[in-house]
Amino acid sequence: MLPASLSSLHSSNAHATPSLSPLSHSSSSSLSYSSSLLSFEPSSSLHHLHRRLVSFSPVHCDNHLRIKTKPKGLSVSCVSSSEPLKVMISGAPASGKGTQCELIVQKFGLVHISTGDLLRAEVSAGTEIGNRAKEFMNAGQLVPDEIVTAMVIARLSREDAKEKGWLLDGYPRSFPQAQSLEKLKIRPDIYVVLDVPDEILIDRCVGRRLDPETGKIYHLKNFPPETAEIKARLVTRPDDTEENVKSRLEIYKQNAKAISSTHSNIMKKIDGNRPKEKVFADIESLLSQAQKEKVERTAEKPLDQRKSQSNQSSSSKDKWKGIPTRLNNIPHSREIRNYFYDDVLQATQRAVNDGRTRLKVEINIPELNPEMDVYRIGTLMELVRVIALTFADDGKRVKVCVQGSMGEGALAGMPLQLAGTRKILEFMDWGDYGAKDTFIKIGSIGAKEVDEQDDIFILVAPQNAVGNCIIDDLKAMTDAAGNRPVILINPRLKDLPGSSGIMQTMGRDKRLEYAASFESCYFFRLLYYAGTQYPIMGALRMSYLYGYELYKRVDESLGKEKYVILSTFIEKPNIDDINDAFLGKPRNQEKKASGIWGFLSSVF
């Protein structure tokens, strides 16, 4: 057991302004500051700054050479002038794709990523994703896109893939999968398709035989077994019958046609009906050309611009990898606030673009916790402003709402941290283009605030006050909004008792059911030992449409820290799940929170 249980930090409000996408395309000398939907390594950007220090002596370096003075002498830093190569390869069953992947990896050193391998690894490890996938596989069903995509994104975010480049084998297989990558700006440099006639593919499959003892694959004509003894024990795989092969080919063709539009401008077809050496010679030529073009594009930038980007990336990279560090230091720097603004913004945009209409953002870091210091409500409103202005830039009419005074007479009032918030919103800088009062309007929570021209509603920290419930007004507003998105920012919709206890009984079940109907599109919470707010032990993050990521905070040296991914979850983990991940225990059975963990689960 850990010395003490992990509890989550109170709601805190962090600033996040639009920053680069976690997996966006940028020069390798320019670091992306946003975290990706499943960024599973300390760094959240696919584009890693490659540097190596060597002792000062004559060296040959194809990259930009920079000499800098250190206390113990001079050193040479070679900054990589291009990003690593990113490749997708597709081919029908028996097209020779597996063989070509092996040759590509040997030649170019790319990280080979196969969904089949990922699924088998997750199932074998008994992870939550693996167990969910196993349920579908055991039922003879396809594993849902969101599970497969979550695994792929996780693998792409690991350090080796960012440094060496990657080879996506047979993924995406469907249009939704292709669109998921496109939304995250995960794009290959080249999309290779192995083209083989159907009759050849069928012959290759039907003639295949499996050695059940060694697992080796033979072909009766093209690759016969070495001995009669081996030949006698060979078997035909169930999916290698002619009927099954034709069915698989048809499915492949439908999927290939659906995703070809996404990558049509970089798609290269290769004749796969030739000896493997000749097929690879063509592939090698294409990949080498793509790699050369990446280097040339970077070299075209002015030298001073490359220097600036390299210096900026180098200094910024020391500050955090994946999740900003020093999160207990407040007020946060603008860089950290911008990181979170953009992280929240991207998740919210994806959810709205997918047609989600009842959403909530829960971001809890010290800077966003107005209960600790009321000034922090300004950080929360800055986050709201970023989201509202971005949607307004897309032509949407946004209504930003703060609840008004509730109750009557002596019971009239509102939560302290919201007092004066609407006035502050009115006086905030909404840009030089007249967005406020045209595309953005300030309002209250309630059905009467819903106008026909409104497209999106953003509600600032809706919450119940002692003796007064905001849920009735909130429900009336969402009913009036219909299918238009309503986004709650840091809501607190648990019932609070009134002096008479009425709020605890009358209609409570319906109120809680309504509060739970909002779907999380973003969640971030810091983790501490129970009863403390220092030191930070880790963090839990979720960004729509992906799962929950559990990070552990690690001290690298004095004053330096980083966040390392421990585990991922399809659904929000409970305290036992988190504790087990920190202790390295496998998650292969259902567990119920108990004891002090049960208490903390309600807080969490």
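Predicted, not measured: the structure shown is a model, and the values here were computed from it.

Q: Would you mind going over the overall build of the protein in detail, with residue names and values included?
A: The helix and strand tally for the protein stands at 18 helices and 20 strands. For the protein, the residues scored as buried account for 51% of the 604 residues in total. Expressed as a percentage of contacts within the protein between residues at least 6 apart in sequence, the contacts between residues at least 24 apart total 70%.

Q: Tell me about the environment of Y339, residues and numbers included.
A: Tracing the sequence through the fold places Y339 in helix α12 (residues 334-353). Residue Y339 is classed as buried on the basis of its relative accessible area of 1%. The spacing of Y339 and P324 is 15 residues in sequence and 7.6 Å in space, taken between C-alpha atoms.

Q: Which residues make up unusual backbone geometry, and what are the values?
A: Of the consecutive residues Y171 and P172, the connecting peptide bond is found in the cis state with omega at 5°. Note on placement: P172 falls in the loop between β7 (166-169) and α6 (175-183). Positioned with a positive phi, D437 is a non-glycine residue whose angle comes to about 75°. Mapping D437 onto the fold places it in the loop between α14 (421-427) and β14 (440-443). For A461, which is not glycine, the phi torsion reads 45° and is therefore positive. Mapped onto the fold, A461 is located in the loop between β15 (456-460) and α15 (471-481).

Q: Account for helix α4 (residues 145-156), with residues named and values stated.
A: For the α-helix, the turn length of 3.6 residues means that residues three or four positions removed from each other point alike. Over its 12 residues, α4 runs 16 Å from end to end, which matches the ideal 16 Å to within 8%, given 1.5 Å per residue. Of all the 12 residues making up α4, 10 are buried; the element is thus mostly covered by neighbouring parts of the structure. Every buried residue belonging to α4 is among I147, V148, T149, A150, M151, V152, I153, A154, R155 and L156, and all of these are buried. Its buried side turned inward, α4 meets β6 (111-114), α2 (115-125), α3 (128-138), α5 (159-164), β7 and α6.

Q: So what's going on with the environment of D189? Residues and values would help.
A: Locating D189 in the fold gives a position in the loop between α6 and β8 (190-195). Separated by 78 residues in the primary sequence, D189 and M267 have C-alpha atoms spaced 9.4 Å apart. Apart from residues no more than four positions distant in its own chain, D189 is found in contact with P84, L85, K86, I266 and K294.

Q: Got a sec to walk through the sheet that holds strand β11 (residues 267-271)? Specific residues and values, please.
A: Strands sit in the order β6-β7-β5-β8-β11 across an open sheet of five strands; the sheet is parallel. Unpaired on one side and paired on the other, β6 and β11 mark the two borders of the sheet. Averaged over all adjacent pairs, the angle separating strand axes in this sheet is 25°, with direction ignored. Here helix α1 (residues 97-108) sits on the sheet in contact with β5 (86-91), β6, β7 and β8, set at roughly 160° to β5.

Q: Account for the packing of aromatic side chains, naming residues and giving values.
A: Counted by the stated rule, this structure contains five aromatic pairs. A centroid spacing of 5.3 Å and a plane angle of 20° characterise the contact between Y218 and F223, whose relative ring orientation is stacked. Residue class for F223 comes out partly exposed when judged on its relative accessible area of 38%. When the centroid spacing of 5.0 Å and the interplanar angle of 90° are considered together, the rings of Y339 and F340 count as edge-to-face. Each member of the pair, Y339 as well as F340, is classed as buried. What links up through ring pairs into an aromatic cluster is the set Y339, F340 and F524. Note that R397 overlies the ring of F439, its terminal NZ or CZ placed 5.0 Å from the centroid.

Q: Can you lay out the packing of α3 against α4 for me, pointing to particular residues and giving the numbers?
A: One way to put it is that α3 packs onto α4 with a least axis distance of 10 Å and a crossing angle of 145°. α3 and α4 meet at a crossing whose hand is left-handed. Between α3 and α4, the residues in contact are I129, R132, A133 and F136 and I147, A150 and M151, respectively. Of the residues that constitute the contact of α3 with α4, the class distribution is six nonpolar, no polar and one charged.

Q: Any chance you could break down the packing of helix α7 (residues 198-206) against helix α9 (residues 242-260) for me, citing the residues and the numbers?
A: The N-to-C vectors of α7 and α9 enclose an angle of 135°; their axes lie 10 Å apart at closest approach. Judged on the interaxial angle alone, α9 and α7 are oblique. When you trace α7 past α9, the crossing you get is right-handed. Packed against α7, whose contacting residues are D198, L201, I202, C205 and V206, the element α9 presents E242, V245, K246, L249 and K253 at the interface. Considering only residue class, the contact of α7 with α9 consists of six nonpolar, no polar and four charged.

Q: So what's going on with the side chain of Q177? Which residues, and what values?
A: Turning to its location among the elements, Q177 is positioned in helix α6. The class for Q177 is buried, based on a relative accessible area of 5%. One polar contact links the side chain of Q177 to the main-chain amide nitrogen of R173, over a distance of 2.7 Å. Among residues more than four places away in sequence, those in contact with Q177 are D145, V148, T149, Y171 and P172.

Q: For α1, give the residues involved together with the corresponding values.
A: Given a rise of 1.5 Å per residue, 12 residues ought to cover 16 Å, and the 16 Å separating the end C-alpha atoms of α1 matches this to within 8%. Taken as a whole, α1 has its buried residues at K97, Q100, C101, I104 and F108. Taken end-on, α1 shows its buried residues confined to a sector of 105°, consistent with a single buried face. Among the exposed residues of α1, those oriented more than 90 degrees off its buried face are E102 and Q106.

Q: Provide a residue-level description of the environment of G355, including the pertinent values.
A: With respect to the helices and strands, G355 occurs in the loop between α12 and β12 (358-364). Remark: the alpha-carbon pair of G355 and N483, spanning 128 residues in sequence, is separated by 8.8 Å.

Reading the values: rules and limits
- Residues numbered from 1 in each chain as written.
- Predicted model: local features only at pLDDT ≥ 70, side-chain atom pairs only at ≥ 80, totals over all residues.
- Heavy atoms only, no water.
- Helix = DSSP H or I, 4+ residues; strand = E, 2+ residues; numbered from the N terminus.
- Buried < 20%, exposed > 50% of the residue type's maximum accessible area, 1.4 Å probe, protein only.
- Contact = heavy atoms within 4.5 Å.
- Expected span 1.5 Å × (residues − 1).
- Pairing = 2+ DSSP bridges.
- Axes fitted to C-alpha atoms, helices over the stretch in contact; angles between N-to-C directions.
- Phe/Tyr/Trp six-rings, centres within 6.5 Å; stacked < 30°, edge-to-face > 60°.
- Lys NZ or Arg CZ within 6 Å of the ring centre and 35° of its normal.
- Left-handed = near helix turned anticlockwise from the far one by under 90°.
- Nonpolar A, V, L, I, M, F, W, Y, C, P; charged D, E, K, R; others polar.
- Parallel < 35°, antiparallel > 145°, perpendicular 65-115°, else oblique.
- Polar contact = N/O pair within 3.5 Å; in protein donor to acceptor, adjacent residues only side chain to side chain.
- Arc of directions from axis to C-beta.

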